[in-house]
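A closer look at the structure
Here is what each chain is made of, one letter per residue.
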Amino acid sequence: MRKLKTRLKKTTLLFAIVVLIIGMGSFIYPKYKLKQEQKVEKQRQEKLIEETVLQWELEAELNEDMLVIDVDGDGIKDNVTSMIMRWGNDGENPLLSAINYKKEKIGVTPDWLNSTPAMISMRKAKLDSNNPKESVVMEFLEGTHQSSTLFLKLDDGMFMPVCFVSEPNDPYDCLFNAIEIGGLMVEDLNEDGNLDVVEIDYEYPQAGRAELGSKIENTIDEVFGEVAEAAKRVAQQEQSERGRRVAWNIYSYNGNYFEPQLGDDYTSLALRLVNKYPDIMKKTDMSQESIEYVELSRGFWSHKYDE
Ligand SMILES: [Ca+2]
Ligand SMILES: [Ca+2]
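A brief structural summary. This structure is a prediction, so every number in the text was calculated from the model and none was measured.

About the thresholds
Residues numbered from 1 in each chain as written. Chains lettered and ligands numbered in written order. Predicted model: local features only at pLDDT ≥ 70, side-chain atom pairs only at ≥ 80, totals over all residues. Helix = DSSP H or I, 4+ residues; strand = E, 2+ residues; numbered from the N terminus. Rg over C-alpha atoms; globule rule 2.2 N^0.38 Å. Buried ≥ 20, exposed ≤ 12 C-beta atoms within 10 Å, placed from the backbone. Contact = placed C-beta atoms within 7 Å. Expected span 1.5 Å × (residues − 1).

Along its length, the protein carries 6 helices and 14 strands. Against the compact-globule benchmark of 19 Å for 307 residues, the protein has a radius of gyration of 31 Å, which places it well outside the compact range. Across its three principal directions, the C-alpha atoms of the protein cover 135 × 45 × 35 Å. Counting the 307 residues in the protein, one finds 26% classified as buried. At a minimum sequence separation of 6, the contacts of the protein that also span at least 24 residues come to 54%.

This is the structure we're talking about:
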């Protein structure tokens, strides 16, 4: 009898252990399964990202209207395409459109940027080295050999221009000028993490002394009409020999826009520039005549833009 009791006890204990193991198993197994599934899904996503980004990068090598950069700062590269460049400047296509690796649209430029001059190049820039977001820099052809540059960053689903005023009224509050293609200097001069932009111009030591000749003067009269006198002075300037490069305007990104650097702020950044590039001079070291010439020329081309 005692033997039977002991056996019964043992059986009950064994049964309890088995129930406990099954119970624990049925509790642990779904968790284990979920983890496995999550792992597989993560690997699938990683493979999708890798393949999509690689395919885009190959495409971007052949298409200058496309960039593969991380515009929303989530650590995964996105696809930015200039729809104007790809589909034409008919006022309907946005300047830029971005999609993520899932092909979801994550950003577009506002309609007021739907009409722009011919694009020369498109590249990336980091406005703030502490922010993972990458921005777009677009250069456009302006005038005869001048160019203008637009910086764009993604905010809340919109690619907004980063201008040199806090509240821009039109695209010209956001276009940085360069006297020649590729001439805009874009780098962090004082290494504070925020990008600086320098509009470079030239001094004209012989300003005002070049003779155009009556043939050219007559042509300018015919072509430029009311602004012929200004055009003649600009033509004289272009014929006179260029001196050193000048740091005409310096701007620094302040987290919101490119703030014009004036007074001591200008001097401090300009000195760093002169140290790094000895052929560049400060605007404040130019002759008054040279300054007036550059002002005339820059005003002349922006007058042309307004027409
Ligand atoms: Ca991204
Ligand atoms: Ca800086």
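In this structure, D156 takes a positive phi of about 50° despite not being glycine. Position of D156 among the secondary structure elements: in the loop between β7 (146-155) and β8 (158-161). Phi at E191 takes a positive value of approximately 50°, unusual for a residue other than glycine. Residue placement: E191 occurs in the loop between β10 (185-187) and β11 (196-202).

Take helix α1 (residues 2-62) next. Because each turn of an α-helix spans 3.6 residues, side chains separated by three or four positions end up pointing in the same direction. With 61 residues, α1 should reach 90 Å at 1.5 Å per residue; the first-to-last C-alpha distance of 89 Å fits that figure. Within α1, only 2 of the 61 residues are buried, which leaves it mostly out in the open.

For I250, the location among the structural elements is in strand β12 (residues 245-253). Along the primary structure I250 and Y266 are separated by 16 residues, whereas in three dimensions their C-alpha atoms are 6.5 Å apart.

As far as function goes, none of this settles anything; it's purely spatial.
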